Amino acid sequence: MIEIIDLTKRYGNFTALDSLHLQIEKGTVFGFVGQNGAGKSTTFSILATLLAPTSGTAFINGYNILNEPKMVRRQLGYMPDFFGVYDQLKANEYLHFYGASYGIPFSERQNLIPQLLDLVNLTHKQDSYVDLLSRGMKQRLCLARSLIHDPEVLILDEPASGLDPRARVEMREILKELKHMGKTILISSHILPELAEMCDCLGIIDQGRLVAEGSVSDIQDKLKGERVIIVKIIGEIEKAAQFFEDDPNVSKLSIGEAENTMQFTYKGTDYEQTELLKRAINHKIAISSFSEVETDLEDVFMEITRGVELS
């Protein structure tokens, strides 16, 4: 559905995008995460045929962005990070304007626009002027605008930027509905947990280069390093602590402030961790809980963008 081949964009000696190679299957919600200036908006502008690459190319639903820009624009709905709205129009007039721009007949727009307003929860605001809408409502209206021609692909650049928590939840629910409708969605953010909640796959971009790609769990698993284990014991904590300290994969063990708990870092494999738990039970250590601390996604993002080597 989306195929990006060695896409590069240079401004003089500055490389904004460096040989990006990526393939996104139909019906996938793909999250593109990176710090401000990492290359997200540059990528999206090129895919939307608004910016010419220095080299490389991309295909949207089989159409080449360089040779077939008009057909590409028909395939996608693009919502930029900074969008313009016509303040003196009402919400339904705003959508009629864009529908007419795509050549959609008035009779079709009469049926289509109420459906779009319902999808983005703005039916009650159809006769409100755009400049009187909240930021979250304007974001949703612009999402409806990008759907007016029923595109196969949606490219959404920071759609939740500046939204309050309630508006973020509303946006997330709308994206879930679009996914159920079979849309292929490429969405960006500089907040990793925000994307993790709504995406099938993630790509992390840093300094114009794609440094990691996969599911959230895949990206976490690719990080080299140690995991943190918390164990709660029934009985003598010192004896249990000594047992775990004797394992060569265990380090930095400490007894917690909570009653009969300990914490340590573990560098072994999943299989070795399972065997450790089995040996502890066979050693007559009464364990009421044995859990791995979930990796903080922001920490994962910081580690990857520091240049951690991924296998």
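How each quantity is defined
- Residues numbered from 1 in each chain as written.
- Predicted model: local features only at pLDDT ≥ 70, side-chain atom pairs only at ≥ 80, totals over all residues.
- Heavy atoms only, no water.
- Phe/Tyr/Trp six-rings, centres within 6.5 Å; stacked < 30°, edge-to-face > 60°.
- Lys NZ or Arg CZ within 6 Å of the ring centre and 35° of its normal.
- Helix = DSSP H or I, 4+ residues; strand = E, 2+ residues; numbered from the N terminus.
- Buried < 20%, exposed > 50% of the residue type's maximum accessible area, 1.4 Å probe, protein only.
- Contact = heavy atoms within 4.5 Å.
- Polar contact = N/O pair within 3.5 Å; in protein donor to acceptor, adjacent residues only side chain to side chain.

Participant: Help me out: how do you make sense of the packing of aromatic side chains in this one?
Facilitator: The geometry of an aromatic ring pair comes down to the distance between the two centres and the angle between the two planes. A complete count under the given rule lists seven aromatic pairs for this structure. Between the aromatic rings of Phe-243 and Phe-244, the centroid separation amounts to 5.2 Å while the plane-to-plane angle is 80 degrees, which identifies the pairing as edge-to-face. Counting every residue linked through ring pairs, the aromatic cluster contains Phe-243, Phe-244, Phe-264 and Phe-290. For the cation-ring pair, Lys-9 lies above Tyr-11, with the distance from its terminal atom to the ring centre recorded as 5.2 Å. Note that Arg-145 overlies the ring of Tyr-98, its terminal NZ or CZ placed 5.1 Å from the centroid.

Participant: What should I look at first to understand the environment of His-96 in this one?
Facilitator: Among the structural elements, His-96 can be located in helix H3 (residues 91-101). Using a relative accessible area of 17% as the deciding quantity, one classes His-96 as buried. Separated by 17 residues in sequence, His-96 and Ile-113 place their C-alpha atoms 7.4 Å apart. Aside from chain neighbours lying at most four places away, what touches His-96 is Phe-106, Arg-109, Gln-110 and Ile-113.

Participant: Sorry if this is basic, but what is going on with the side chain of His-149 here?
Facilitator: Relative to the helices and strands, His-149 resides in the loop between helix H5 (135-146) and strand E7 (153-157). A relative accessible area of 13% means that His-149 is categorised as buried. Only 2.9 Å separates the side chain of His-149 from the backbone oxygen of Leu-76, close enough to count as a polar contact. Here His-149 is in contact with Arg-73, Arg-74, Leu-76, Gly-77, Tyr-102 and Ile-104, once residues within four sequence places are set aside.

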